[in-house]
Amino acid sequence: MDTKTMARLAIAALSLAGVAGPAVAQQAGAVAGAEGRTADTASAAPAAGNTGYDATLARRVGADAQGMRQYVLVILKTGPNPMPEGEPRKAMFAGHFANMERLAKAGKLALAGPFAKDPDGWRGLFVLAVDDLEQARALVATDPAVAQGEFVAEYHRWYGSAATMLIPELHEKLQAPKTPAP
C-alpha cells in the first residue's frame, strides 16, 4: 500500500472515529465515499456544557475551538545510504536522539517513534508542531540520520488533537531515572 493511500486511510479512520475536525472530515468523506461508507461524525460542533474546558491549556497547546491544531506528520523511511554497524552508526543515532530531544524541548516535536520492521522501509515518524511543510523540512534537515542518508523523509499536513502537544511532558514523567554506570 502506498503512502498516500495509508495517509488517506488514517484520515478516514480518525474522522469516522470522531477524532478529527471538519476539514479532515471532508477529506475522509471522499475516501469513505469511495468505499461506500459515510463520514459525518467529525463535523459536529463541540458538546455544549463542557465544564472541563481549560482556556489557559487550550492557548498553551495552540488549540482551536474543537481542541485541534495543525501539524506536519513526517514519515521516515530507509534512505539511500544506510550506515553499517559500528561506532559511526552509534554516533549518528546518538545525534538523532539528541536532536529529537532538542526539538521536543523547543515545543516543535510533539511525537516521535519507530515502526516495527516494515517491508516498505517505514522506519519512524515525527509529528511536528509547525505551520507549513517548509518549516518541517528545515527542522528535519537538522537530524543527523536524515543528513547522512540513513533516512529519507515524507511530509504530510495533519490536523489532530492539540493534546498531542502534551505528550513530551507526559513522556518525561514516565521515564525511569537513569542509573549511573558502575
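In what follows, the accompanying structure is described.

Reading the values: rules and limits
Residues numbered from 1 in each chain as written. Predicted model: local features only at pLDDT ≥ 70, side-chain atom pairs only at ≥ 80, totals over all residues. Heavy atoms only, no water. Pairing = 2+ DSSP bridges. Helix = DSSP H or I, 4+ residues; strand = E, 2+ residues; numbered from the N terminus. Axes fitted to C-alpha atoms, helices over the stretch in contact; angles between N-to-C directions. Buried < 20%, exposed > 50% of the residue type's maximum accessible area, 1.4 Å probe, protein only. Phe/Tyr/Trp six-rings, centres within 6.5 Å; stacked < 30°, edge-to-face > 60°. Lys NZ or Arg CZ within 6 Å of the ring centre and 35° of its normal. Core = buried A, V, L, I, M, F, W, Y, C linked by side-chain atoms within 4.5 Å. Contact = heavy atoms within 4.5 Å.

What follows concerns the sheet that holds strand 3 (residues 122-128). Taken in spatial order, the four strands make up an open sheet running 2-3-1-4, and their pairing is antiparallel. Each edge of the sheet is formed by a strand with only one pairing partner; in this case those strands are strand 2 (109-114) and strand 4 (151-161). The sheet shows a mean angle of 20 degrees between the axes of neighbouring strands, direction not considered. Across six bridges, strand 1 (residues 68-78) lies against strand 3 in antiparallel orientation. Among the inter-strand pairings, Leu73 is bridged to a residue of strand 3, identified as Val127.

We now examine the pairing of strand 3. Burial of strand 3 is extensive: six of the seven residues sit out of reach of the surface. As defined by bridge partners, strand 2 adjoins strand 3 across five bridges and the pair is classed as antiparallel. Bridge pairing in strand 3 links Pro114 to Gly124.

Right, let's get into the packing of aromatic side chains. On inspection of all chains with the given rule, the structure shows three aromatic pairs. The interplanar angle of 75 degrees and the centroid separation of 5.9 Å between the aromatic rings of Phe93 and Phe151 together place this pair among those described as edge-to-face. One end of the pair, Phe93, is in helix 4 (residues 87-105); the other, Phe151, is in strand 4, with 58 residues separating them in the sequence. Phe151 gets classed as buried once you look at its relative accessible area, which sits at 5%. In this structure, Arg69 packs its charged tip against the face of Tyr71, placed 5.2 Å from the ring centre. The side chain of Arg137 reaches across the aromatic face of Tyr155, ending 4.9 Å from its centre.

Below, the discussion takes up the nonpolar core. In summary, soluble globular proteins display a tendency toward joint burial of nonpolar side chains. Of all hydrophobic cores here, the largest spans 19 residues; its most connected members are Val72, Val74, Phe126, Leu128, Val140 and Tyr155. Counting residues per element, the ones that place at least two in this core are strand 1, helix 4, strand 3, helix 5 (133-140), helix 6 (144-147) and strand 4. Ignoring anything within four residues of it in the chain, the contact list for Val140 reads Val74, Phe126, Leu128, Val146, Ala153 and Tyr155. The next biggest cluster of nonpolar side chains, apart from the first, holds 11 residues, and it includes Val61, Ile75, Trp122 and Leu125.

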